[in-house]
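One-letter residues, chain by chain:
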Amino acid sequence: RINDQWGIGMGSSAGIVTLYSRRAIDIDGLQNSRGSVRFSGQGTALGLNLGLFYKPDPNLSFGLNIRTPMPVSISEGQTTFEVPLSRAEEYLPRPFSTSFTLPGEINLGLGYYAEERLLLTFDLNLIFWQSWDSLKFDLMPDIAELTSYPERNWQNTSHLRGGFEYALTDKVSLRGGAFYEQSP
């Protein structure tokens, strides 16, 4: 807190990321020769946060929060295959590695006391999904059926939220809200 009107905060985010992904594989191009592979592994993610708060008067406040993208690297993942028994020797478990970036975000919020007991809120959230263009697995050794990866082609999204809080008494409040959310 800088003064009664302004506040600023900075910090870091650290996390352990657990990945579980399942993918169908087409063996020999025959419909009855389908199988699947499960990828599982852990990695770490690090990012930064910056927050800014401004309260120009007792009834109105604004907040801004910025979260940086968080790169993730998994170097010792494991695969498990489910394939026809006749092909099981070709699809033994093997290690994999992958890397991807969790998206950054910008959040802008507003709070307004329309009257002493009624707080109105609004929030705009921007998520930068374009940083996650694909999820590629590097197998050791590689498998021909798993060398192509679907592109995500995700678009950045925005989420809008609005709400209210009405203090019925000093100890009981009524809350409600609505939101609109896009899919990447």
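Coordinates for the structure precede this section.
To start, this report covers the structure provided alongside it. (Residues numbered from 1 in each chain as written. Predicted model: local features only at pLDDT ≥ 70, side-chain atom pairs only at ≥ 80, totals over all residues. Heavy atoms only, no water.)

Topic: the environment of D26
Consideration 1: With respect to the secondary-structure elements, D26 resides in strand β1 (residues 6-26).
Consideration 2: On a C-alpha basis, the gap between D26 and L146 in space is 9.4 Å, while along the polypeptide they are 120 residues apart. (Helix = DSSP H or I, 4+ residues; strand = E, 2+ residues; numbered from the N terminus.)

Description of the pairing of strand β4 (residues 70-82)
Consideration 1: Here strand β2 (residues 34-57) pairs with β4 via seven bridges, running antiparallel. By the bridge assignment for β4, F39 is matched with T79.
Consideration 2: Of the strand pairs in this sheet, β4 and strand β5 (residues 95-102) are connected by seven bridges, and their pairing is antiparallel. Bridge assignment links V72 to a residue of β5, and that residue is F100. (Pairing = 2+ DSSP bridges.)

Details of the packing of aromatic side chains
Consideration 1: Applying the stated criterion across every chain, the model contains seven aromatic pairs.
Consideration 2: Relative to W154, the ring of W129 lies with its centre 5.2 Å away and its plane at 90 degrees, an arrangement referred to as edge-to-face. Of the two residues, W129 is situated in the loop between β7 (118-127) and β8 (138-139) and W154 in the loop between β8 and β9 (157-167); the sequence distance between them amounts to 25 residues.
Consideration 3: Exposure remark for W154: the relative accessible area of 25% places this residue in the partly exposed category.
Consideration 4: One aromatic cluster is present, built from ring pairs that chain together W6, Y54 and F62. (Phe/Tyr/Trp six-rings, centres within 6.5 Å; stacked < 30°, edge-to-face > 60°. Buried < 20%, exposed > 50% of the residue type's maximum accessible area, 1.4 Å probe, protein only.)

Observations concerning the side chain of T98
Consideration 1: Checked against the element boundaries, T98 lands in strand β5.
Consideration 2: You can call T98 buried: its relative accessible area is 4%.
Consideration 3: Here K136 takes part through its backbone oxygen, which lies 2.5 Å from a polar atom of the side chain of T98.
Consideration 4: Once residues lying within four places of it in the same chain are set aside, the contact partners of T98 are L19, V72, S73, I74, L135, K136 and F137. (Polar contact = N/O pair within 3.5 Å; in protein donor to acceptor, adjacent residues only side chain to side chain. Contact = heavy atoms within 4.5 Å.)

Quick look at the nonpolar core
Consideration 1: Of all hydrophobic cores here, the largest spans 21 residues; its most connected members are I25, F39, F81, Y91, F96, F100 and L146.
Consideration 2: Within the residue set of this core, elements represented by two or more residues are β1, β2, β4 and β5.
Consideration 3: At four residues, the largest contribution of residues to this core is made by β4. (Core = buried A, V, L, I, M, F, W, Y, C linked by side-chain atoms within 4.5 Å.)

Notes on the pattern of salt bridges
Consideration 1: For the structure on display, the rule yields six salt bridges.
Consideration 2: Here R22 makes a salt bridge to E82, at a shortest N to O gap of 2.9 Å. Within this pair, whereas R22 is found in strand β1, its partner E82 is found in strand β4, the two being separated by 60 residues in sequence.
Consideration 3: Judged by its relative accessible area of 38%, E82 is partly exposed.
Consideration 4: Where E165 meets R175, a salt bridge forms, and the shortest distance between an N and an O atom there is 2.7 Å. Here E165 is found in strand β9, whereas its partner R175 is found in strand β10 (residues 173-181), with ten residues between them in sequence.
Consideration 5: Accessibility expressed as a relative area gives 24% for E165, which makes it partly exposed.
Consideration 6: Beyond isolated ion pairs, a larger network of salt bridges with shared partners links R22, R38 and E82. (Salt bridge = Lys/Arg side-chain N within 4 Å of Asp/Glu carboxyl O.)

Function cannot be read off these values alone, since they describe shape.
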